[in-house]
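Structural description and commentary
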Amino acid sequence: AKSDTSSSYRLYDADIKDTRAERRALEGALRNAHDNGEFELFYQPILDLATNRMWGCEALVRWKHPSKGMISPLQFVPAAEESGLIGPIGDWILEDACATAMSWEQPLKVAVNLSPVQFRNRDVFASVKKALDISGMPAQRLVLEITESVKLTEEATATLKRLKALGVSIALDDFGTGYASMSYLRSFPFDKIKIDQSFVRSMLDSSDSRAIIKATIGLAKDLRMSTTAEGVETEEQLNALRLAGASQAQGYLIAKPMPREAIAAFIADAQKP
Ligand code: C2E
Ligand code: CA
Ligand code: CA
Ligand code: CA
């Protein structure tokens, strides 16, 4: 990880020291945050379009900073990855997500994001197995979301296959935004494709986006995979996705990510007739 940072920062000679010092300070703060339990998982509901009921939730990490307030993962996950701290933090995320899901009134799915660095520095299989064992959650309820930035080496592929054999599902996140979506799809039997929110956002104005969404859903069906459309913010988008045959929808229209207590109440409410 260290060599990665130094090579990418070499381009910016002038502020190289600042950037490095800042990065080191952030890494120190992240280490403290982990030790002090400042990370918190929020959960965003995912709607099953066939039944119109809740299908599950995606766990999304936040940093509850004592003075700066809630910090977005976009602002600290990259530093956690570069410092390798995503290893222990990622283990905590898996364990907390499974334990939380076990406290819900319905046995819904819980989706957890995995970083490529966890595949490089961590025994992902052991981490997942431990989270399942400690929580007692059935593997069938766990969905792991990876992006094509996870290099599907022989080792990573073997890990994912062992997880699938346990009953865990594997989803391909941010589909369509990378360079290799198609060949990536061919290299592993994913259970689910998550259609990136950029396509959903533009689908009502752009026939190209609609065509891509339609083709992705068709492709997923032919490959016996389900699809979740992300970033659904309007009824119009939801209706169009329903018509296009998406399996699930996730987005602010349904609900924003929310803390543990709020999602428990949301799930309990969703169950009432
Ligand atoms: P992602 O996995 O693609 O997560 C979806 C992001 O879209 C979340 O942002 C979510 O809050 C946001 N979102 C959901 N619905 C809507 C919507 O209708 N409109 C808009 N504009 N946004 C919506 P968030 O929570 O800020 O997370 C950002 C990214 O950080 C995630 O993208 C993921 O790549 C990463 N991340 C989050 N949690 C974790 C984690 O636990 N582990 C790892 N390794 N990465 C994480
Ligand atoms: Ca995700
Ligand atoms: Ca995504
Ligand atoms: Ca993303």
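Quick summary incoming for the structure in this document. (Residues numbered from 1 in each chain as written. Chains lettered and ligands numbered in written order. Predicted model: local features only at pLDDT ≥ 70, side-chain atom pairs only at ≥ 80, totals over all residues. Heavy atoms only, no water.)

Comments concerning the packing of aromatic side chains
The cut-off we apply is this: Between 30 and 60 degrees the pair is tilted, below 30 it is stacked and above 60 it is edge-to-face, where a pair is any two Phe, Tyr or Trp rings, Trp via its six-membered ring, whose centres lie within 6.5 Å. By the criteria applied, helices consist of DSSP H or I runs no shorter than four residues and strands consist of E runs no shorter than two, each listed in order from the N terminus. A simple rule labels every residue: compare its accessible area, found with a 1.4 Å probe on the protein chains alone, to the largest value its type can have, and call it buried under 20%, exposed over 50%, or partly exposed in between. A ring is considered to have a charge above it if a Lys NZ or an Arg CZ atom is located within 6 Å of its centre and within 35 degrees of its normal.
For the structure shown, the criterion picks out six aromatic pairs. Here Trp63 and Phe76 contribute two aromatic rings whose centre-to-centre distance is 5.8 Å and whose plane-to-plane angle is 80°, an arrangement assigned as edge-to-face. Of this pair, Trp63 sits in strand S2 (residues 53-65) while Phe76 sits in helix H3 (residues 73-83), and the two are 13 residues apart along the sequence. Residues Trp63 and Phe76 agree in their burial class; the two are buried. Measuring from ring centre to ring centre gives 5.7 Å for Tyr184 and Phe190, while their planes differ by 25°; the resulting arrangement is stacked. By the burial criterion, Tyr184 is buried, and Phe190 matches it. These aromatic residues form a ring-pair network of at least three members: Phe39, Trp63 and Phe76. The ring of Phe125 has Arg162 sitting right over it, with the charged end atom 3.8 Å from the ring centre. The ring of Tyr252 has Lys256 lying over it, and the distance from NZ or CZ to the ring centre is 4.8 Å.

Details of the coordination of the calcium ion (ligand 3)
Defined as follows: Coordination here is defined by N, O and S atoms within 2.8 Å of the metal (3.2 Å for Na, K and Ca), and since water is not considered, a site can look incomplete.
Taken together, Asp173 (OD), Asp174 (OD), Glu230 (OE) and Glu230 (OE) make up the protein donors of the calcium ion (ligand 3), found 2.2 to 2.7 Å from the metal. Here the calcium ion (ligand 2) and the calcium ion (ligand 3) are spaced 4.1 Å from one another, each receiving a donor from Asp173. Linking Asp173 in strand S6 (residues 169-175) with Glu230 in the loop between strand S8 (226-229) and helix H11 (235-244), this pair joins segments that are 57 residues apart in sequence. A relative accessible area of 7% means that Glu230 is categorised as buried.

Description of the coordination of the calcium ion (ligand 2)
Ligation of the calcium ion (ligand 2) by protein atoms is provided by Glu58 (OE), Asn113 (OD1), Glu145 (OE) and Asp173 (OD), these donors lying 2.1 to 2.3 Å from the ion. Each donor residue of the calcium ion (ligand 2) belongs to the same chain, with the gaps between them written as E-x54-N-x31-E-x27-D. Its relative accessible area of 4% is what places Glu58 among the buried residues. Relative accessible area serves as the criterion here: at 8%, Asp173 is assigned to the buried category.

Let's talk about the environment of Thr234
Operational definition: Contacts between residues were defined by any pair of non-hydrogen atoms, one from each residue, lying within 4.5 Å.
Position of Thr234 relative to the elements: it lies in the loop between S8 and H11. For Thr234, a relative accessible area of 27% corresponds to the partly exposed category. Residues Thr234 and Asp133, 101 residues apart in the sequence, show an inter-C-alpha distance of 39 Å. For Thr234, the residues in contact, after removing those within four places along its chain, are Leu204 and Leu253.

Examining helix H12 (residues 260-271)
What counts is decided by this rule: Here a helix's expected span is defined as the number of its residues, less one, multiplied by 1.5 Å. An arc is given here, and it is the one of the directions from the helix axis to the C-beta atoms.
A rise of 1.5 Å per residue sets the reference length of H12, with its twelve residues, at 16 Å; its end C-alpha atoms lie 17 Å apart and thus fit the reference within 8%. Taken together, the buried positions of H12 are Ile263, Ile267 and Ala268. One face of H12 carries all of its buried residues, which in axial projection span an arc of 140°. The inward-facing, buried residues of H12 contact strand S1 (39-48) and S2.

Concerning the nonpolar core
Within soluble globular proteins, side chains that are nonpolar tend to cluster in buried spots. Rules: Working definition of a nonpolar core: buried Ala, Val, Leu, Ile, Met, Phe, Trp, Tyr and Cys residues. They are joined through side-chain atoms within 4.5 Å.
Leu142 and Leu144 are the most contacted members of the largest nonpolar core, which has 58 residues in total. It is helix H4 (residues 86-102) that contributes the most residues to this core, seven residues altogether. The contact partners of Leu144, leaving out residues within four places of it in the chain, are Leu94, Val112, Leu114, Val128, Leu163, Val168, Ser169, Ile170 and Ala171. With 14 residues, the next largest nonpolar core counts Leu47, Phe199, Ile217 and Ala229 among its residues.

Topic: unusual backbone geometry
Keep in mind that most residues, glycine aside, have a negative phi and that most peptide bonds are trans. Here Asn52, not a glycine, exhibits a phi torsion of approximately 65°, which is positive. Tracing the chain through its elements places Asn52 in the loop between S1 and S2. Relative accessible area serves as the criterion here: at 47%, Asn52 is assigned to the partly exposed category. Its identity is not glycine, yet Arg224 carries a phi of approximately 60°, on the positive side. Tracing the sequence through the fold places Arg224 in the loop between helix H10 (207-222) and S8.

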